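# Analysis of the macromolecular model
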Amino acid sequence: MSRIGKQPVVIPGGVTVNLEENNLLSVKGPKGELVRRLVSEINISVEENQIVVSRPSDLKRFRALHGLTRTLIFNMVEGVTTGYSKTLEINGVGYRAAKAGNKLNLTLGYSHPIEMIDPEGILTTVEGTNKIIVSGIDKEKVGQYAATIRTKRPPEPYKGKGIKYSDEKIRRKAGKSGKK
């Protein structure tokens, strides 16, 4: 039995869960609404104030999907109640970020500035000139957009310049050594 999959997902107050045929799950809360079609072979049931996920048999495919389905449902409930956010830091001389409407302007040492438009449901805020906070209710979209921003100038190991997550540790390398 999946240790994660067998735990029920508790539905907090102010959140409504609607389960339709073919496992179309919609979760509505104070921050917004998320809709997702989950795998139809996995059994999902809404009982009072919790969601229970079970699998039809112990086939390898169902064992793999059991915990995944429960985690996806938990992330939906968590997203509409508290939301998700990722913090990025920009390190480097002359590297900076600015916000204009729903556009994020990045100056990262290239010959041109990089302009990114916030996807629907995602909000970016800039603190100072070197801190970007990506937030939203869908964990998958928040993580993907933060990763997309990071790819514009990933951190390099010699000086540590580039865009990194705030909790990321960059392994530093020694530079060139002199002649012997």
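So, a few notes on the structure that sits alongside this text.

Conventions used here
- Residues numbered from 1 in each chain as written.
- Predicted model: local features only at pLDDT ≥ 70, side-chain atom pairs only at ≥ 80, totals over all residues.
- Heavy atoms only, no water.
- Pairing = 2+ DSSP bridges.
- Helix = DSSP H or I, 4+ residues; strand = E, 2+ residues; numbered from the N terminus.
- Axes fitted to C-alpha atoms, helices over the stretch in contact; angles between N-to-C directions.
- Core = buried A, V, L, I, M, F, W, Y, C linked by side-chain atoms within 4.5 Å.
- Buried < 20%, exposed > 50% of the residue type's maximum accessible area, 1.4 Å probe, protein only.
- Contact = heavy atoms within 4.5 Å.
- 1 Å grid on protein atoms, 1.4 Å probe; cavity = no way out; pocket = protein on both sides within 12 Å on 5 of 7 lines; lining within 4 Å.
- Points joined across faces, edges and corners; volume = space filled by probe spheres on them.
- Nonpolar A, V, L, I, M, F, W, Y, C, P; charged D, E, K, R; others polar.

## Looking at the sheet that holds strand 3 (residues 24-29)
Spatial strand order, 2-3-4: three strands in an open sheet with antiparallel pairing. Lying at the two open borders of the sheet, with one neighbouring strand each, are strand 2 (16-20) and strand 4 (32-37). Here the strands of the sheet are splayed against their neighbours by 10 degrees on average, with no regard to which way each runs. The sheet contact formed by strand 3 and strand 4 spans six bridges and is antiparallel. Bridge pairing links Val27 to Leu34 in strand 4.

## Observations concerning the nonpolar core
Ranked by internal contacts, the top residues of the largest apolar core, which has 20 residues, are Val15, Val17, Leu25, Val27, Leu38, Ile51 and Ile73. Of all the elements in the fold, those that place two or more residues in this core are strand 3, strand 6 (50-54) and helix 1 (60-81). Residues contacting Leu38, with those up to four places away along its chain left out, are Asn22, Asn23, Leu25, Ile44, Thr69, Leu72 and Ile73. By size, the runner-up hydrophobic cluster in this structure holds 18 residues, among which are Tyr95, Leu104, Ile132 and Ile163.

## Quick look at the environment of Ile132
Relative to the helices and strands, Ile132 is located in strand 12 (residues 131-136). For the pair formed by Ile132 and Asn91, sequence separation is 41 residues and the distance between their alpha carbons is 12 Å. The residues touching Ile132, leaving out its near neighbours within four places in the chain, are Lys86, Thr87, Leu88, Ile90, Ala97, Leu104, Leu106, Thr125 and Ile149.

## Details of the layout of surface pockets
Here the largest pocket defines a volume of roughly 170 Å³. Leu34, Val35, Arg36, Leu72, Asn75, Met76, Ile137, Asp138, Lys139 and Glu140 together form the lining of the largest pocket. Mapped by element, the contributors of at least two residues to the lining of the largest pocket are strand 4, helix 1 and helix 2 (139-151). Classifying every residue of the lining of the largest pocket by side-chain character gives five nonpolar, one polar and four charged.

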